[in-house]
Amino acid sequence: MTLNDAVARRHTVKAFEQGKSLPQDEIETLLNVLRNSPSSVNSQPWHFVVASTEAGREQIAASTDGAFAYNSPKVRNASHVIALCMRTDLNEAHLQNVLDQEDADGRYAKPESKANNDMVRRSYVDMHRYESRDVPQWMEKQVYLALGGLLLGAAMLGIDATPMEGFDQRALDQALGLREKGFTSVVLVSLGYRSDADFNAALPKSRLPRDEIFTFI
């Protein structure tokens, strides 16, 4: 499948075929996509909760009950559901952990290179913390970069996917114990096989014309 084919085929699935599971090797590929997602100054301010069992999906689905009941079947009937979460703060422990991992992975040939990169990353964190005062929004943007890669990766593998913001974030945070661990949920993605009830599969894509969305200079 070419990239153009994947982009043309990809759509937001409205109904999944219950009881049909994705191959584990394909899931591992998508987890690798998430782990290697780009982030500003390699801040990696995220955590991903992967529900692959009925019990796990049920934990996540509880956050769609009530006002978001229209999303409940998309969670309960999927093969896998991933909750993409962000950190509640870019604290000292996380910044040091990222730096130590970069060092262990061989990114620094000299100690001064490590010190300089640490200084640059911290300067960005301080800028967003004190001048822009938008650290949560900045971290959330990084999570959405990961979301884009996940959706494109799924499309390339022929995996059907549904991104969802329609869920009770507080309820999900409580169900998964996220806040105690320093995280909060941002967006859900269900993965699996679309069913015949997926009306969106038969609808043509609708996007604004090319000349309205591109300016070439």
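So, how was this worked out
Residues numbered from 1 in each chain as written. Predicted model: local features only at pLDDT ≥ 70, side-chain atom pairs only at ≥ 80, totals over all residues. Heavy atoms only, no water. Salt bridge = Lys/Arg side-chain N within 4 Å of Asp/Glu carboxyl O. Helix = DSSP H or I, 4+ residues; strand = E, 2+ residues; numbered from the N terminus. Buried < 20%, exposed > 50% of the residue type's maximum accessible area, 1.4 Å probe, protein only. Polar contact = N/O pair within 3.5 Å; in protein donor to acceptor, adjacent residues only side chain to side chain. Contact = heavy atoms within 4.5 Å.

J.: Honestly, the pattern of salt bridges in this entry has me stumped. Any pointers?
T.: Between side chains of opposite charge, pairing is possible as soon as their charged atoms come close. Taken as a whole and judged by the stated rule, the model has 10 salt bridges. Between Glu58 and Arg76 there is a salt bridge, with its nearest N and O atoms 2.6 Å apart. In this pair, Glu58 is assigned in helix α3 (residues 54–61) and Arg76 in helix α4 (residues 72–76), connecting sequence segments 18 residues apart. Take Glu58: its relative accessible area is 37%, and that puts it in the partly exposed class. Between Lys114 and Asp103 there is a salt bridge whose closest N-O contact spans 2.9 Å. Of the two residues, Lys114 is situated in helix α6 (residues 111–131) and Asp103 in helix α5 (residues 92–104); the sequence distance between them amounts to 11 residues. The exposure class assigned to Lys114 is partly exposed, which follows from its relative accessible area of 21%. Overlapping salt bridges bring together Arg9, Asp160 and Arg194 as one network.

J.: Can you walk me through the side chain of Ser185 in this structure?
T.: Among the structural elements, Ser185 can be located in strand β4 (residues 183–192). Separated by 2.8 Å, the side chains of Ser185 and Asp173 make a polar contact. Beyond its immediate chain neighbours, meaning those up to four positions away, Ser185 contacts Leu84, Cys85, Phe167, Gln169, Leu172, Asp173 and Leu178.

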